[in-house]
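Coordinate analysis (summary)
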Amino acid sequence: MFNKLRKWMLAYLDIGTNGSRDREDNQQIFVSNLFSFIGYTITFALAVGAILNANTLLAISLFSASLLFFLAHQIHRVKSIKNTYKISTRIVFVSLLFLMLYLVYSGGYANTGPLWIYILPPVAFFFGGLRKGLINIGLFIILVSGMLFYPNDMFINAVYSYEFKSRLIYSFLTVTLLFGFYEFSRQRFIRFIQTLSDQFEQQAMHDPLTQLPNRRAMGDYLHHEFNRAQRSQKSMSLLLCDIDHFKKINDIHGHEGGDYALKALADLFTNTLRKQDKISRWGGEEFLFLLPETTGNEAHILAEKIRKKVAKHEFTYAQKTFNITLSIGVKEVSQQMSIDKAISAADNYLYQAKENGRNRTMPETIESGAD
Ligand SMILES: Nc1nc2c(ncn2[C@@H]2O[C@H](COP(=O)(O)OP(=O)(O)OP(=O)(O)O)[C@@H](O)[C@H]2O)c(=O)[nH]1
């Protein structure tokens, strides 16, 4: 029984949340649903109490607020409205604001109405953030102070002592400041976590030496691009490229010299390729290029351009100049072929390039559309 109730409640509060939205938005929708649920049950109960006490005006206000809180939740069920959560949070906040103003104006039940206004700061900061929250609460304080202190109680129906009015404003200001500070710390903490998570993501997806995407990140790009190419029926190609006799570079110029060559090469690749092409450090001295919307023939032309450019480039480390050559395997990824098969075919061509004397691209020619 308790489990069923828990499940129903969670499903109820989850209405409107969506896996494609960001976490903070989903959290807001969840809390907005919670506020609207608490809002309409409490205001409904208070409205019934007001009827029993024959306070018709208060009962009407409370019933209206209860209905608005209820609608704020039901709006998530309307499929034709986009961004229902923004409308919903606004309904919750504005209904709450007017209800609070009315409670201050009327005094509510036995002049206890103003006690409810402390609900406003947490709701305002949660829905609007620090800046908007402060503006909304500031406006509320101005309105309430105007109502309470206007000469001859022109804008209030209830009778409060001067002490009660001033303490109400002071204590409300204190609560607002405390919640404001809490919201400030919360946002700072969220920004800190966000930066940390970006750093971890950068580290997990990039090669620390060249800063190029690593094998893991390239795996994601490959699957994403492959699906896109299948949907749009467009070609895409791979270049697998390996430095020739890299061991010798390490032997002659030391490991630091080898590292320098890898970094310089990564920059050269980045400056040669188009923005939409992806370059990754696939292994030690091996780079995999993903070329979207490129046929095998076009990829071959590009591979030759890169190979010649690198062969001509003079690398200088510790006042010593040296050259690098590349062997490249090219493969157009056909619609019927899996990514893994395409990579393995490019690897075979790379092997052939090494076998045939290095500093070359294989296959030697490619006809467009050929597998
Ligand atoms: N400096 C440096 N060297 C690396 C790095 N990763 C791999 N290597 C070196 O790259 C060399 C690769 O050697 P091999 O696999 O024999 O290949 P190769 O000497 O390039 O010969 P071929 O590929 O057959 O032309 C090894 O000496 C590795 O230590 C790195 O991050 N930095």
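From a predicted model like this one, the values you see are computed outputs, not experimental measurements.

1. Things to note about the overall build of the protein chain
- Looking only at helices and strands, the protein chain has ten helices and seven strands in total.
- Per-residue burial for the protein chain yields a buried fraction of 32% across its 371 residues.
- Partitioning the intrachain contacts of the protein chain with sequence separation of at least 6 by distance along the chain shows that 63% fall at a separation of at least 24.

2. Some details on the nonpolar core
- In this structure, L238, L239, L240, L288, F289, I328 and A346 are the most contacted members of the largest nonpolar core, which totals 39 residues.
- Residue assignment for this core shows that the elements contributing at least two residues are α7 (215-232), β1 (236-243), α8 (246-272), β3 (286-292), α9 (296-312), β6 (326-333) and α10 (339-355).
- At seven residues, the largest contribution of residues to this core is made by α10.
- L62, I91, F93 and F172 belong to the second largest nonpolar core, which has 32 residues in total.

3. A look at the pairing of β3
- Most of β3 is tucked away, with six of its seven residues classed as buried.
- Bridge analysis of β1 against β3 gives seven bridges, and the strand direction is antiparallel. Residue pairing for β3: S237 is matched across the bridge by L291.
- As paired strands, strand β2 (residues 278-281) and β3 are joined by four bridges and run antiparallel to one another. Bridging across to β3, I279 finds its partner in F289.

4. Considerations on helix α2 (residues 23-52)
- An ideal rise of 1.5 Å per residue puts 44 Å on 30 residues; α2 measures up with 43 Å between its terminal C-alpha atoms.
- Considered for burial, the residues of α2 that qualify are Q28, I29, S32, N33, F35, S36, G39, Y40, T43, L46, A47 and A50.
- Phi turns positive one or two residues past the end of α2, at A54, with a value near 60°.

5. So, helix α1 (residues 2-14)
- When the terminal C-alpha atoms of α1 are compared, their 18 Å separation across 13 residues agrees well with the 18 Å that a helix rising 1.5 Å per residue should span.
- Burial runs low along α1: only zero of the 13 residues are buried.
- In the segment just after α1, G16 is the residue with positive phi, at about 100°.

6. Topic: unusual backbone geometry
- M362 connects to P363 through a cis peptide bond whose omega is -5°.
- Tracing the chain through its elements places P363 in the segment after β7 (361-362).
- The phi dihedral of N111 is positive, around 65°, even though this residue is not glycine.
- Turning to its location among the elements, N111 is positioned in the loop between α4 (84-106) and α5 (120-149).
- Judged by the 14 C-beta atoms lying within 10 Å of it, N111 is partly exposed.
- The backbone of R358 shows a phi angle near 70°, a positive value even though the residue is not glycine.
- Along the polypeptide, R358 turns up in the loop between α10 and β7.
- The class of R358 is partly exposed, set by 14 C-beta atoms lying within 10 Å.

7. Here we look at the packing of α5 against helix α6 (residues 162-205)
- α6 packs onto α5 with a crossing angle of 165° between their chain directions and a minimal axis gap of 10 Å. In terms of their interaxial angle, α5 and α6 are classed as roughly antiparallel. Seen along the crossing, α5 lies across α6 with a hand that is left-handed. Across the interface between the two elements, P121, P122, F125, L130, G133, L134, I137, I141, S145, L148 and F149 from α5 touch K165, I169, F172, L173, V175, T176, F179, G180, E183, F184 and Q187 from α6.
- Considered class by class, the residues forming the contact of α5 with α6 number 15 nonpolar, five polar and two charged.

8. Section: the UniProt feature "transmembrane region" (unreviewed entry) in the protein chain
- On the UniProt side, "transmembrane region" (unreviewed entry) is annotated at positions that read residues 30-51, 57-75, 87-107, 137-162 and 168-184 here.
- For residues 57-75, helix accounts for 95% and strand for 0%, while the C-alpha atoms at its two ends are 27 Å apart.
- Helix makes up 54% of residues 137-162 and strand makes up 0%, while its end C-alpha atoms are separated by 22 Å.

9. Regarding the sheet that holds β1
- With respect to topology, five strands assemble into an open sheet ordered β2-β3-β1-β6-β7, the strand pairing being mixed. Looking at which strands have only one partner, the edges of the open sheet turn out to be β2 and β7.
- Note: β1 against β6, eight bridges, orientation antiparallel. Bridged to I243 within β6 is L326.

Calculation criteria
- Residues numbered from 1 in each chain as written.
- Predicted model: local features only at pLDDT ≥ 70, side-chain atom pairs only at ≥ 80, totals over all residues.
- Helix = DSSP H or I, 4+ residues; strand = E, 2+ residues; numbered from the N terminus.
- Buried ≥ 20, exposed ≤ 12 C-beta atoms within 10 Å, placed from the backbone.
- Contact = placed C-beta atoms within 7 Å.
- Core = buried A, V, L, I, M, F, W, Y, C linked by C-beta atoms within 7 Å.
- Pairing = 2+ DSSP bridges.
- Expected span 1.5 Å × (residues − 1).
- Axes fitted to C-alpha atoms, helices over the stretch in contact; angles between N-to-C directions.
- Parallel < 35°, antiparallel > 145°, perpendicular 65-115°, else oblique.
- Left-handed = near helix turned anticlockwise from the far one by under 90°.
- Nonpolar A, V, L, I, M, F, W, Y, C, P; charged D, E, K, R; others polar.
- UniProt positions renumbered as here; feature names shortened; annotations may be inferred.

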